[in-house]
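Descriptive structure summary
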Amino acid sequence: MATPLEDPSLERHFRGHRDTVTSVDFSPVMTQLASGSMDSCLMVWNFKPKMRAYRFVGHKDAVLSVRFSPSGHLVASASRDKTVRLWIPSVKGESTVFKAHTATVRSVDFSSDGQTLCTASDDKSIKLWTVHRQKFLYSLTQHSNWVRCAKFSPDGRLIVSGSDDKLIKLWDRQTKDCIHSFHEIGGYVNHVDFHPSGTCIASASTDGSIKVWDIRMNKILQHHAAHAGAVTKLSFHSNGNFLITSSEDATLKIFDLLEGRIFYTLHGHQGPVTAASFSRNGEYFASGGSDEQVLVWRTNFDKLSAGCVLGSQGSRDGSSAELQAPPSMEDIPSRVQKGRASPISVRIDPAPASRSMDVDADMMSDREFHDPPTAIAGTVNDSRPRTQPLEAKAVPAGLTKFMEQIAGQLDILTQTVSLLEQRLTMTENKLRECIDGQQEIRLHIKSTD
């Protein structure tokens, strides 16, 4: 039998935004949680008892991304008003602002050393900036449509980006080159993130699927067609064994990456869930939705794999573990229940071996949110019945070659379209120069008359 401590539990819920919550992020020291919203505000929620939340007003349009710096002394926010702001998360709410792009800024991220910012925009570019004085460094411009997300790798050497051109690109910071492009066959790419090991990336798609890619071999490892709506955000657990996703189907899903299956389906928001993120240490995770709420959950289940870190510490039974594809690269049974979904009701659909539970969020909202305890090294015994890890089926060589040919042709087409766009832009500029020249000639003739 599973014990209550093995299931995720709702710790707090925060109300304060006046529109959809678009992004959430924990401070590295677990004293605060930042959230951005379509209401143009940034909220900083304090976990210490009797401390009020801070509402930061400065952006002139929706805040689409928020991110704490590695030190926790700054919060960056990206907005539809084309700017990025750096805030000091204190009661004064001091900030500095700079115009980052010529269109909506969709994403902002700090490098691991806290010295560099990365922004992604609807102007089809990714830009890098120094945090100190916000000095522009350079642009990455090979996407042919809106860039929804861009993230640094854990070691800061690479950048991954996802775009509406259905491409996920890997960039080398030193050479500024795109070193590989992964093709999303289904929907557009809403979100991307690096695995803590830096060897894999995950992508969230508008077609409801989640893919995990190996960037060493440049191949797909797992494909989960798990959500009934677009996947809005995803986040890796710090030990690399779990992945959380949020979706417009009003659910959060937690994936066990070692076994290649859905671990939990969480119902807590009324309407689309538009934000999700694990804390830096994995003890907690937060979610936000169109119901204007921010929910904070205690993970609990990660203690089952405390002695197992993907690709480094071995598997749950003590043997070596690597992230591998499940036997079916298609749909994994989601076990989504079609019950009620109220803003103050939380339902957890765990794996078949564990139990279902209902939690009243109002009862949990006043619970004191303690700082997470220090992680204890060692393996925790897991008494929960489990299915055996599944082996990946080999993909036929002919099919692999065929897919590689298609990917190559798509790459050529993408480059051709990009070249045509550049030529069209040059033609438009020349035409504009001709029109301006004709107008100047007419004005000159009129003045001489």
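Residues numbered from 1 in each chain as written. Predicted model: local features only at pLDDT ≥ 70, side-chain atom pairs only at ≥ 80, totals over all residues. Heavy atoms only, no water.

**Overview of the overall build of the chain**
As a reminder, the rule being used: Segments assigned H or I by DSSP are reported as helices when at least four residues long, segments assigned E as strands when at least two residues long, and all are numbered from the N terminus. For each residue, the accessible area found with a 1.4 Å probe, counting protein chains only, is set against the maximum for its type, and the residue is called buried under 20%, exposed over 50%, and partly exposed in between. The criterion used for residue contact is that any of the two residues' heavy atoms lie within 4.5 Å. Note on areas: Shrake-Rupley, 1.4 Å probe, and residue coverage restricted to the protein chains presented here.
When helices and strands are tallied, the chain shows two helices and 30 strands. Going through the 449 residues of the chain one by one, you find that 54% of them count as buried. Within the chain, contacts between residues at least 6 apart in sequence are counted, and of these 49% link residues at least 24 apart. Of the roughly 21,000 Å² of accessible surface on the chain, 53% is carried by carbon and sulfur atoms.

**A few points about the confidence of the model for the chain**
When pLDDT drops low, the exact placement of atoms in the prediction is not to be read closely. What counts is decided by this rule: pLDDT runs from 0 to 100 and stands for how confident the predictor is about each residue.
With 76% of its residues at a pLDDT of at least 70, the chain reaches an overall mean of 81. Across residues 1-5, where pLDDT falls below 50, the model places eight contacts with residues more than four positions away in sequence or in other chains. Below a pLDDT of 50 lies the segment residues 352-393, which in the model reaches 90 contacts outside its immediate sequence neighbourhood of four places, other chains included.

**A word on the pairing of strand β19 (residues 200-205)**
Basically, it comes down to this: When DSSP locates at least two bridges between a pair of strands, those strands are taken to pair.
Most of β19 sits out of view: six of its six residues are buried. Alternating residues of β19 divide into Cys200, Ala202 and Ala204 and Ile201, Ser203 and Ser205, and every residue in both groups is buried. Hairpin remark: strand β18 (residues 189-194) followed by β19, antiparallel, with five residues in the connecting loop; positive phi at Gly198, about 80°. Looking at chain direction, β19 and strand β20 (residues 209-214) are connected through five bridges and run antiparallel. When the sheet's bridge partners are listed, Ile201 is paired in β20 with Trp213. In sequence, β19 turns back onto β20 through a hairpin of three residues, with Gly208 there showing a positive phi of about 90°.

**Description of the sheet that holds strand β1 (residues 9-15)**
Which entries qualify depends on this criterion: To get an axis, fit a line to the C-alpha atoms, keeping to the stretch in contact for a helix; angles then go from 0 to 180 degrees between the N-to-C directions.
Strand order in the open sheet made by the four strands is β1-β28-β27-β26, with antiparallel pairing throughout. Looking at the sheet topology across the chains shown, the edges are occupied by β1 and β26 (273-278). Within the sheet, the average angular offset between the axes of one strand and its neighbour, ignoring direction, is 20°. As paired strands, β26 and strand β27 (residues 284-289) are joined by five bridges and run antiparallel to one another. Each bridged residue has a counterpart across the sheet, and for Ala276 the counterpart in β27 is Ser287.

**Notes on the UniProt feature "repeat: WD" (unreviewed entry) in the chain**
Rule in force here: UniProt positions are given in the numbering used here, feature names are shortened, and annotations may be inferred rather than shown by experiment.
If you check UniProt for "repeat: WD" (unreviewed entry), the listed places come out as residues 14-48, 56-87, 98-139, 140-181, 189-223, 224-265 and 266-297 in our numbering. With 0% helix and 57% strand, residues 14-48 has its two end C-alpha atoms placed 14 Å apart.

**Notes on the packing of aromatic side chains**
Our working rule: Aromatic rings from Phe, Tyr and Trp, taking only the six-membered ring of Trp, are treated as a pair when their centres fall within 6.5 Å; an angle between ring planes under 30 degrees marks them as stacked, one over 60 as edge-to-face, and anything in between as tilted. Only lysine NZ and arginine CZ atoms are considered, and such an atom sits over a ring when it is within 6 Å of the ring centre and within 35 degrees of the ring normal.
Counted under the stated rule, the structure contains 15 aromatic pairs. When the ring of Phe14 is compared with that of Phe47, the centres are 6.3 Å apart and the planes differ by 25°; the resulting orientation is stacked. With Phe14 in strand β1 and Phe47 in the loop between β4 (41-46) and β5 (54-57), this pair connects stretches of sequence that are 33 residues apart. No difference in accessibility class separates Phe14 from Phe47, as the two residues are buried. Centroid distance Phe278 to Phe285: 5.7 Å. Interplanar angle 70°. Geometry classified as edge-to-face. Residue Phe278 shares its accessibility class with Phe285, and that shared class is buried. Through pairs of rings, three or more aromatic residues link up here, namely Phe14, Phe26, Trp45 and Phe47. The residue whose ring lies beneath Lys166 is Tyr188, and the NZ or CZ to ring-centre distance is 5.6 Å.

**Remarks on the pattern of salt bridges**
Test applied: Salt bridges are defined by distance alone: a side-chain nitrogen of Lys or Arg within 4 Å of a carboxyl oxygen of Asp or Glu.
Counted by the stated rule, this structure contains twelve salt bridges. Two residues, Asp61 and Arg80, come together in a salt bridge whose shortest N-O distance is 3.9 Å. Within this pair, whereas Asp61 is found in the loop between β5 and β6 (63-68), its partner Arg80 is found in the loop between β7 (75-79) and β8 (83-87), the two being separated by 19 residues in sequence. A salt bridge links Arg67 to Asp109, with the nearest nitrogen and oxygen atoms 3.1 Å apart. Here Arg67 is found in strand β6, whereas its partner Asp109 is found in strand β10 (residues 105-110), with 42 residues between them in sequence. Each of Asp25, Arg67, Asp109 and Arg280 takes part in salt bridges that share partners, so that together they form one network.

**A short note on the sheet that holds β7**
The antiparallel open sheet is built from four strands, whose spatial order is β6-β7-β8-β9. Each end of this open sheet is capped by a strand with a single partner; those strands are β6 and β9 (95-99). The sheet shows a mean angle of 20° between the axes of neighbouring strands, taken without regard to direction. Summarising the sheet, β8 and β9 pair through five bridges and their orientation is antiparallel. Looking at β9, one finds that Thr83 is bridged to Lys99.

**Some remarks on unusual backbone geometry**
Backbone geometry places Arg133, a non-glycine residue, at a positive phi of 70°. If you trace the backbone, Arg133 turns up in the loop between β12 (126-130) and β13 (136-140). A relative accessible area of 70% means that Arg133 is categorised as exposed.

**Details of the nonpolar core**
So the rule is basically this: We call a set of buried residues a nonpolar core when its members are Ala, Val, Leu, Ile, Met, Phe, Trp, Tyr or Cys and they connect through side-chain atoms within 4.5 Å of each other.
Formed by 15 residues in total, the largest nonpolar core has its most connected members in Leu252, Ile254, Leu266, Phe285, Trp297 and Phe301. Every element with two or more residues in this core is listed here: β23 (242-247), β24 (252-256), β25 (261-267), β26 and β28 (293-298).

**Comments concerning the environment of Ser139**
Tracing the sequence through the fold places Ser139 in strand β13. Sequence spacing of Ser139 and Leu128 is eleven residues, and the spatial spacing of their C-alpha atoms is 6.5 Å. Residues contacting Ser139, with those up to four places away along its chain left out, are Ile126 and Lys127.

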